[in-house]
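Listed here are the chains, written in short residue letters.
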Amino acid sequence: MTEQRQGAAPRATAAIDASLAREILISERFRAQLLAGIFGGALIAFLAFSASYPGAMAELFHSRLDRVRVGLLLGGFAAYELVALRGFEKLIKTRTRPPAARRYIDTFVETSLPTLAIVYYMSIVEPFEALLLPPAFVYFVFILLSTLRLDPKLCVFSGIVAAAEYGLLALLSGGATHASKTSASLTSMAHHGGKALVLLASGVAAGFVARRLEKGFRRTLESLEDRSRILSVFGQHVSPAVVERLLAQKADVKSELREVCVMFLDVRNFTAFSERKSPEEVVGYLNALFDFMIESVNAHHGIVNKFLGDGFMAVFGAPLRGDNDCKNAVEAALEIVTKLEALVAEGAIPATRVGIGVASGKALIGNVGSSERKEYTVIGDVVNVASRVEGLNKELGSQILVTERVFEACALELPEATATAPLHVRGRKEPVRIFRLA
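All residue numbers here refer to positions counted from 1 along the written sequence of the relevant chain. The model is predicted, so local features are restricted to residues of pLDDT at least 70 and side-chain atom pairs to those at 80 or more, both for listing and for counting; the totals for chains, interfaces and linings are taken over all residues. Based on all heavy atoms of the structure, the side-chain values leave hydrogens and waters out of the count.

**Q** Could you clarify how one ought to interpret the nonpolar core in this entry?
**A** For soluble globular proteins, nonpolar side chains are generally found buried alongside one another. By convention a nonpolar core is built from buried Ala, Val, Leu, Ile, Met, Phe, Trp, Tyr and Cys residues, the set being connected through side-chain atoms within 4.5 Å. For the exposure calls, accessible area comes from a 1.4 Å probe over protein chains only, and a residue counts as buried if that area is under 20% of its type's maximum, exposed if over 50%, partly exposed in between. Among the nonpolar cores identified, the biggest contains 39 residues, and Met-263, Met-293, Phe-312 and Ile-356 are the most heavily contacted of them. Only DSSP runs of H or I reaching four residues or more are called helices, and only runs of E reaching two or more are called strands; each is numbered from the N terminus. Within the residue set of this core, elements represented by two or more residues are β1 (256-267), α11 (270-275), α12 (279-299), β3 (311-316), α13 (325-346), β4 (354-369), β6 (400-403) and α15 (404-410). If one sorts the elements of this core by residue count, α12 sits on top with nine residues. Residues contacting Ile-356, with those up to four places away along its chain left out, are Met-263, Phe-264, Leu-265, Ala-333, Ile-336, Val-337, Glu-390, Asn-393, Gln-399, Ile-400 and Leu-401. Two residues form a contact once any of their heavy atoms are found within 4.5 Å.

**Q** Sorry, what's going on with a nonpolar patch on the surface here?
**A** Patches draw on residues past 30% relative accessible area with no salt bridge. Two like charges within 9 Å are joined, as are two nonpolar side chains (Val, Leu, Ile, Met, Phe, Trp, Tyr) within 5 Å. Using the Shrake-Rupley algorithm and a 1.4 Å probe, accessible areas are obtained, with residue cover drawn only from the displayed protein chains. One side-chain nitrogen of Lys or Arg within 4 Å of one carboxyl oxygen of Asp or Glu is enough to make a salt bridge. Among the surface-exposed residues, Ile-160, Leu-197, Leu-200, Val-204 and Phe-208 lie close enough to one another that they form a single nonpolar patch of about 460 Å² accessible area. In terms of residue count, helix α9 (residues 189-234) provides more of the nonpolar patch than any other element does, four residues in total. Taking the relative accessible area as the measure of exposure, Phe-208 reaches 59% and is therefore exposed.

**Q** I'm lost on the packing of aromatic side chains in this one. Help?
**A** The relation between two aromatic rings is expressed through the spacing of the ring centres and the mutual angle of the planes. Aromatic pairing here means that ring centres of Phe, Tyr or Trp (its six-membered ring) are within 6.5 Å. Orientation follows from the plane angle: under 30 degrees is stacked, over 60 is edge-to-face, and everything else is tilted. Applying the stated criterion across every chain yields a total of eight aromatic pairs. Taken together, a centroid distance of 4.0 Å and an interplanar angle of 5° make the contact between Phe-407 and Phe-435 stacked. Taken together, the positions of Phe-407 in helix α15 and Phe-435 in strand β8 (residues 434-436) put the pair 28 residues apart, joining distant regions of the chain. Look at Phe-435 and you get buried, because its relative accessible area is 8%. Here the aromatic cluster, defined as three or more aromatic residues joined through ring pairs, consists of Phe-39, Phe-77 and Phe-142.

**Q** What's the story with the pattern of salt bridges in this structure? I'm lost.
**A** Opposite charge on two side chains lets them pair, provided their charged atoms get close. With the rule as written, the count across this model stands at 15 salt bridges. Between Glu-331 and Lys-327 there is a salt bridge, with its nearest N and O atoms 3.2 Å apart. Taken together, the positions of Glu-331 and Lys-327, both in helix α13 and four residues apart, correspond to about one turn of that helix. Assessed through its relative accessible area of 24%, Glu-331 is described here as partly exposed. Residue Lys-327 is classed as partly exposed on the basis of its relative accessible area of 28%. Here Lys-339 and Glu-335 are joined by a salt bridge, their closest N and O atoms 3.3 Å apart. Note that Lys-339 and Glu-335 are positioned in helix α13 at a spacing of four residues, about one turn of the helix. Note on Lys-339: relative accessible area 27%, which makes it partly exposed. Exposure remark for Glu-335: the relative accessible area of 25% places this residue in the partly exposed category. Through salt bridges with shared partners, a single network forms among Glu-28, Arg-31, Arg-103, Glu-110, Arg-149 and Asp-151.

**Q** Would you mind showing me how to read the packing of α12 against α13 here?
**A** In a packed pair of helices, the relevant descriptors are the angle between the two axes and the axis-to-axis distance. Here, axes are lines fitted to C-alpha atoms. For helices the fit covers the stretch in contact, and angles between N-to-C directions go from 0 to 180 degrees. With their axes 9 Å apart at the nearest point, α12 and α13 run at an angle of 150° to one another. It follows that α12 is roughly antiparallel to α13 by the angle criterion. Considering how the two elements wind past one another, α12 and α13 form a crossing that is right-handed. In this structure, α12 contributes Leu-289, Phe-292, Met-293, Glu-295, Ser-296 and Val-297 to the contact, and α13 contributes Ala-332, Glu-335, Ile-336, Lys-339, Leu-340 and Leu-343. The cut-offs work like this: below 35 degrees is roughly parallel, past 145 is roughly antiparallel, 65 to 115 is roughly perpendicular, and the gaps in between are oblique. Helix crossings get a hand from a simple test, with the near helix turned counterclockwise from the far one by less than a right angle marking a left-handed crossing and a clockwise turn marking a right-handed one.

**Q** How should I be thinking about unusual backbone geometry in this particular structure?
**A** Outside of glycine, negative phi angles account for most residues, and trans bonds account for most peptide bonds. One non-glycine residue, Leu-150, lies in positive phi territory at about 55°. By secondary structure assignment, the location of Leu-150 is in the loop between α6 (138-145) and α7 (152-173). By relative accessible area, Leu-150 is classed as buried at 5%. Here the phi dihedral of His-301 falls at roughly 65°; this positive angle occurs in a residue that is not glycine. With respect to the element layout, His-301 can be found in the loop between α12 and β2 (302-307). His-301 sits in the partly exposed class, given a relative accessible area of 44%.

In structure tokens, the structure reads:
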């Protein structure tokens, strides 16, 4: 059992890592979609504005703006993001992780796009003026969107590339040599150096944000993995409340010897009923019964551990202990019979009787199975006794039988309860005293 738990941990971690990698690809795809939309929209807006208001465009850029070059520049940016988008779509479909080198190359290329725009502006305006135009601020857009990569290192790398390229362009522009033409404070190397440091700091800040986002994604995936693990072990018939308590307590499904209360329930004369009905009617009938029966078990802090054709085995006290597991089991049994009689009286279901047997005692609880399929199992003499006690209902014409140990432990006022003479239960040497509750 210990080896199974040790082997399950790496598998769970691998599953979380794979899910996180997929979420990162989906986030990268969104980033590529966003950038492709931004550049495509900018291209359309530029072409429309320059065609509709050529005079304003010529005055704004002193007739030196080449519509073809700008169109090709924006179109090239959009095309690059569309190619990247197609690549992410393929990676998501094939569940393949991109190589780390490719991610750094993509980050370098994208962060360098504003540099290309600035270089183009340097060909139509004074170099130092190009550093003051909007493309210089586009670096921040790429640094901000780098957080969607969910990799702090890539965010910092994006800041380094932006700061280095901007600083290099500032050096090539001649810095403060043009102070006579504009404010010396805007053209000084101190100004450009400060802006480069801001870009670098932005990359570092984006890295912290990406780290928080990545941790948030991982915590969410771990929570989903824990929930999936619990449901795979206990089955979908475990109540949401039990799942939440197991998650909150970080309960480990380990093998141990524990005092539990076991209930067996069987629908009487089911074989005769099923022979007269279609498969659809039989299934509908069982679902109608199990619906409120399982609800009663869940409401009294038990779990249905196994379905047994026309019945089931429920456990109280595992995986979570109650204040009084015997009391919970008895109350659940009484509630089931009461609801059943009410539904029969209303005509909601055919005339139906059940047999319920309840016993308590020590049992070994834990996971049994292989790495492919495990089942939460309760093993012990108490299980056999509960099953045999349930079978005695046929002989006694009763619906609920509990052992003396359960009757005394439940501490309930049950005036209609009657004790039987000690009965021999198959598989037990000593006779067992039974109490009839219904």
